[in-house]
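Breakdown of the fold
Residues per chain, in single letters:
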Amino acid sequence: MSAMPDQLSRMTEAMPEVTQTTRTPKMAARDVHVYYGETHAVKGVNLDLHQDEVTALIGPSGCGKSTFLRCLNRMNDTVATCRVEGSITLDGKDIYDNKIDVVQLRARVGMVFQKPNPFPKSIYENVAYGPRIHGLAETRLDLDEIVATSLEKAGLWNEVKDRLDTPGTALSGGQQQRLCIARAIAVNPEVILMDEPCSALDPIATARVEALIEELKGRYAIAIVTHSMQQAARISQKTAFFHLGNLVEMGETTQIFTTPREERTRDYITGRFG
Amino acid sequence: MEHIVKSYDAEIRELRSLISRMGGLVEDQLSAAITALSEYDVELAAKVKAGDRQIDDLEIQVENTAVSIFARRAPVADDLREIISSLKMSAVLERAGDYAKNIAKRTIAIAQERPVGFPPTIVQMSELAATMLRDVMDAYVRHNADAAMDVWYRDEQLDNLHNTAYRQLIARMVEMPDHINTWTHLLMIAKNLERIGDQTTNLAEQIYYSVKGTILEDTRPKHDLTSSVTSGPDASA
């Protein structure tokens, strides 16, 4: 018994920087490094994403948060000079394993981008495209059902149900972003990644997307990159602060915004960065 | 390090200056109230009574400044804690000012009575309360949580002095019932001083929270026994 405190302190020192919980994470990143050619963009990040939880990734431009986010569904594969090291797992399985089907992975780990990017097709086709290529619907009726429920979950159904044939690009910016979320939801993802999804939206459209994120929280693990401190504070349960490629601090959002442990976190969120 | 937006710093400095001025005024009011009491100076007591208005005005200014910062800056981290603490401290200082004013009002009443010597414990209490107030405001200006905690612990001494003053005044009530009005007012004045001590501990707790980011959970031993005093055989123990 007398050795306990020593053992405990050694265990604590050996713990990775991530906030440890007893729950099994939906996604787990361990010692993740990302290089663009010679540039070391992400440096040894340990981070868990949990089901039922929104994790906000914050930090100044160029801190590596978006790069890290894009590792989580291998969007960085498309960048020729990009090299990812370390381990990223989804339900315990390495997503960088050679046997992984990347198209399948991106259905399970969906993504919503900064600028709404609907396909130049009808509202219906925008949502139906994914389920069709993934073979999720056997009949047209099945597909209609998926399109309707996805649009409903995205809070867009009532606004578009009478004009499903009109082009998705004809919607307002906020509606387009919710259409993109409906498109991501349509293929039954388990994780949704959002890269500054509201930065091109006005406050009302932003509030609608935030309300939607809150609705979706129970069903998916969500990670969101945002430059708005207030947005991170409003919608996330966990906040991770990145700086110069490092994950400086991660914790409960309330803790980060009232008593950050690291001075760099405090300087950033209070607007003291030079 | 300062904020990128300089006007944010200016607003926080303004808030600090208002709190410091409130603290300074309460110190002045307390010291003048005690001088008025010791010297039967009705004029000075009346000045203290009227002076409380300035403290009340400053409290409103603190509220307006803090609300404006909340609305426009959405403060977080140590900024958030400091602004919340400032709001609470202003309410505490306003209350402490009320106690000084109450001492002045009672002084005016006492001055109508025949003069009589006071127990010296009242003056000791007022000196300790004034020192605690000065030290806690000093800790505030220096963002020094340890110095604030030092004041927090000192309240025990003031409670002990209050217990003594209480017993002394009860004894005088028995011995010199002709001065019962004066003794009763002094009993309330002693209570006011004891309450000012309590308010300095509240200020210390706010400073601690603002600086450290955690709420003080340590329970301070309560030494004010006057609320359970009886006239039984142990009454004068």
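Residues numbered from 1 in each chain as written. Chains lettered and ligands numbered in written order. Predicted model: local features only at pLDDT ≥ 70, side-chain atom pairs only at ≥ 80, totals over all residues. Heavy atoms only, no water.

**A closer look at the environment of A:Thr67**
Residues and elements named next belong to chain A. For clarity, the cut-off: Each helix is a run of DSSP H or I of at least 4 residues and each strand a run of E of at least 2, with the numbering of both proceeding from the N terminus. Working definition: with a 1.4 Å probe on protein chains only, accessible area under 20% of the residue-type maximum means buried, over 50% means exposed, and in between means partly exposed.
Position of threonine 67 among the secondary structure elements: in helix α2 (residues 65-71). Using a relative accessible area of 10% as the deciding quantity, one classes threonine 67 as buried. The spatial distance from the C-alpha of threonine 67 to the C-alpha of valine 34 is 7.8 Å, given a sequence separation of 33 residues.

**Concerning the UniProt feature "domain: ABC transporter" (unreviewed entry) in chain A**
We count it as follows: UniProt positions are given in the numbering used here, feature names are shortened, and annotations may be inferred rather than shown by experiment.
When the UniProt feature table is mapped to this numbering, "domain: ABC transporter" (unreviewed entry) covers residues 27-269 of chain A. Helix and strand shares over residues 27-269 of chain A are 37% and 26% respectively, and the end C-alpha atoms of the span are 26 Å apart.

**Description of the sheet that holds strand β8 (residues 221-225) of chain A**
Residue and element names in this part refer to chain A. Where we set the bar: Any two strands are treated as partners once DSSP identifies two or more bridges connecting them. Where helices are involved, their axes are fitted lines through C-alpha atoms of the stretch in contact, as for all axes, and angles between N-to-C directions lie from 0 to 180°. By definition in these notes, contact holds between two residues if any of their heavy atoms fall within 4.5 Å.
Overall, mixed pairing links the six strands, which are arranged β6-β7-β8-β3-β9-β10 in an open sheet. At either margin of the open sheet sits one strand with a lone partner, and together these are β6 (109-112) and β10 (246-252). Ignoring strand direction, the axes of neighbouring strands in this sheet form an average angle of 20°. Relative to β10, strand β9 (residues 238-243) is paired through six bridges, and the arrangement is antiparallel. Among the inter-strand pairings, histidine 243 is bridged to a residue of β10, identified as asparagine 246. The strands that helix α7 (residues 173-185) touches are β6 and β7 (191-195); relative to β6, the one it contacts most, it runs at about 170°. Against the sheet, helix α8 (residues 203-216) makes contact with β3 (54-58), β7 and β8, and its axis sits at roughly 150° relative to β8, the strand it touches most.

**So, the packing of helix α4 (residues 121-141) of chain B against helix α6 (residues 180-212) of chain B**
Residue and element names in this part refer to chain B. Here is the rule we go by: Here the angle decides the label: under 35 degrees means roughly parallel, over 145 means roughly antiparallel, 65 to 115 means roughly perpendicular, and every other value means oblique. Crossing handedness follows the turn of the near helix against the far one: under a right angle anticlockwise gives a left-handed crossing, and clockwise gives a right-handed one. Put simply, Ala, Val, Leu, Ile, Met, Phe, Trp, Tyr, Cys and Pro go in the nonpolar bin, Asp, Glu, Lys and Arg in the charged bin, and everything else, Gly too, in the polar bin.
Interhelical geometry of α4 versus α6 gives an angle of 15° and a closest axis separation of 9 Å. Taken together, α4 and α6 sit at an angle that is classed as roughly parallel. The handedness of the crossing between α4 and α6 comes out as left-handed. Counted together, Ile122, Met125, Ser126, Ala129, Met132, Leu133, Val136, Met137, Ala139 and Tyr140 of α4 and Leu186, Ile189, Ala190, Leu193, Glu194, Ile196, Gly197, Thr200, Leu203, Ala204 and Ile207 of α6 form the full contact between these two elements. Here the contact of α4 with α6 is built from residues that sort into 17 nonpolar, three polar and one charged.

**Details of the nonpolar core**
All names here are of chain B. The condition that has to hold: To form a nonpolar core, buried Ala, Val, Leu, Ile, Met, Phe, Trp, Tyr and Cys residues must be joined to one another through side-chain atoms within 4.5 Å.
Judged by nonpolar contacts, the single largest core of 66 residues is most densely connected at Leu93, Ile122, Ile189, Leu193 and Leu203. Contributions of two or more residues to this core are made by α1 (6-38), α2 (42-73), α3 (77-110), α4, α5 (145-175) and α6. Per-element accounting of this core gives the leading share, 14 residues, to α1. Apart from the residues within four sequence positions on either side, leucine 193 is in contact with Leu30, Ile34, Ile103, Ile122, Met125, Ser126, Ala129 and Leu158.

**Details of the confidence of the model for chain A**
Definition in use: What pLDDT expresses is the predictor's confidence in each residue, scored from 0 to 100.
Confidence along chain A averages 91 in pLDDT terms, with 92% of residues attaining 70 or more. Across residues 1-16 of chain A, where pLDDT falls below 50, the model places two contacts with residues more than four positions away in sequence or in other chains.

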